[in-house]
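Now for the letters of each chain:
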Amino acid sequence: MTEFTLTDLESIVARRATARPDESWTAKLVAGGQQKAAKKLGEEAVETVIAAIKDDRENLVYESADLLYHLMVVLKIADIPLEAVMQELQRRTAQTGLSEKASRQDP
Ligand SMILES: N=c1c2ncn([C@@H]3O[C@H](COP(=O)(O)OP(=O)(O)OP(=O)(O)O)[C@@H](O)[C@H]3O)c2ncn1[C@@H]1O[C@H](COP(=O)(O)O)[C@@H](O)[C@H]1O
């Protein structure tokens, strides 16, 4: 079991965001702005979906890693700490996904 966590990745992204764009993909994404970074996140999401639909386990792992990394960059540019996402996920543990969805349906 790896000890590497998304919090570790968040720290790496924060550190590399301040590097020179010509020596860091993270810095290049950050310098390019949210529109480009979010577009890249969307591309990685599509690649993840394709791997899932093809039942391509190896690529699903690879693309999921790309997806999570690019999500961390987008959150960094938006100045949203991973902690905020984890808090929201924790809040949702109080109910099932289906009951939450039902609570949002129009009467
Ligand atoms: N986890 C990642 C990570 N995942 C993906 N990528 C980069 O994201 C880019 C994706 O670009 P592309 O889609 O064009 O490349 P691709 O996915 O291989 O191409 P396709 O075949 O999918 O189209 C590649 O350059 C990858 O290297 C990442 N770049 C950095 N990190 C982490 O960030 C750290 C710092 O990296 P730098 O900021 O580059 O120093 C690294 O040590 C890693 O821990």
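This text goes with the structure placed above it.
Thresholds, definitions, all that
Residues numbered from 1 in each chain as written. Predicted model: local features only at pLDDT ≥ 70, side-chain atom pairs only at ≥ 80, totals over all residues. Heavy atoms only, no water. Core = buried A, V, L, I, M, F, W, Y, C linked by side-chain atoms within 4.5 Å. Buried < 20%, exposed > 50% of the residue type's maximum accessible area, 1.4 Å probe, protein only. Helix = DSSP H or I, 4+ residues; strand = E, 2+ residues; numbered from the N terminus. Contact = heavy atoms within 4.5 Å. Near = heavy atom within 4 Å. Polar contact = N/O pair within 3.5 Å; in protein donor to acceptor, adjacent residues only side chain to side chain. Areas by Shrake-Rupley, 256 points an atom, 1.4 Å probe, with all protein chains shown as cover.

Explain the nonpolar core to me, and be specific about the residues and the numbers.
Core analysis: the biggest nonpolar cluster contains 7 residues, these being Leu9, Val13, Leu29, Tyr69, Met72, Val73 and Leu82. Sorting the residues of this core by element identifies helix 1 (6-16) and helix 4 (57-77) as the ones contributing at least two each. Considering each element in turn, this core owes the most residues, 3 residues, to helix 4. In contact with tyrosine 69, other than residues within four places in its own chain, are Leu9, Val13, Trp25, Thr26 and Leu29.

Describe the site of the ligand, with residues and values.
Around the ligand, the surrounding shell consists of Ile12, Arg16, Ser24, Trp25, Thr26, Lys40, Glu44, Glu47, Tyr62, Asp66, Tyr69 and His70. A distance of 2.5 Å separates an oxygen atom of the ligand from a polar side-chain atom of serine 24. Contact distances for the ligand include 2.6 Å between an oxygen atom and a side-chain N or O atom of threonine 26. When the ligand is considered free in solution it has 840 Å² of accessible area, and contact with the protein chains removes 54% of it. Looking at the shell around the ligand, the elements that each hand over two or more residues are helix 1, helix 2 (25-32), helix 3 (34-53) and helix 4. Sort the elements by how many residues they give to the shell around the ligand and helix 4 lands first, with 4 residues.

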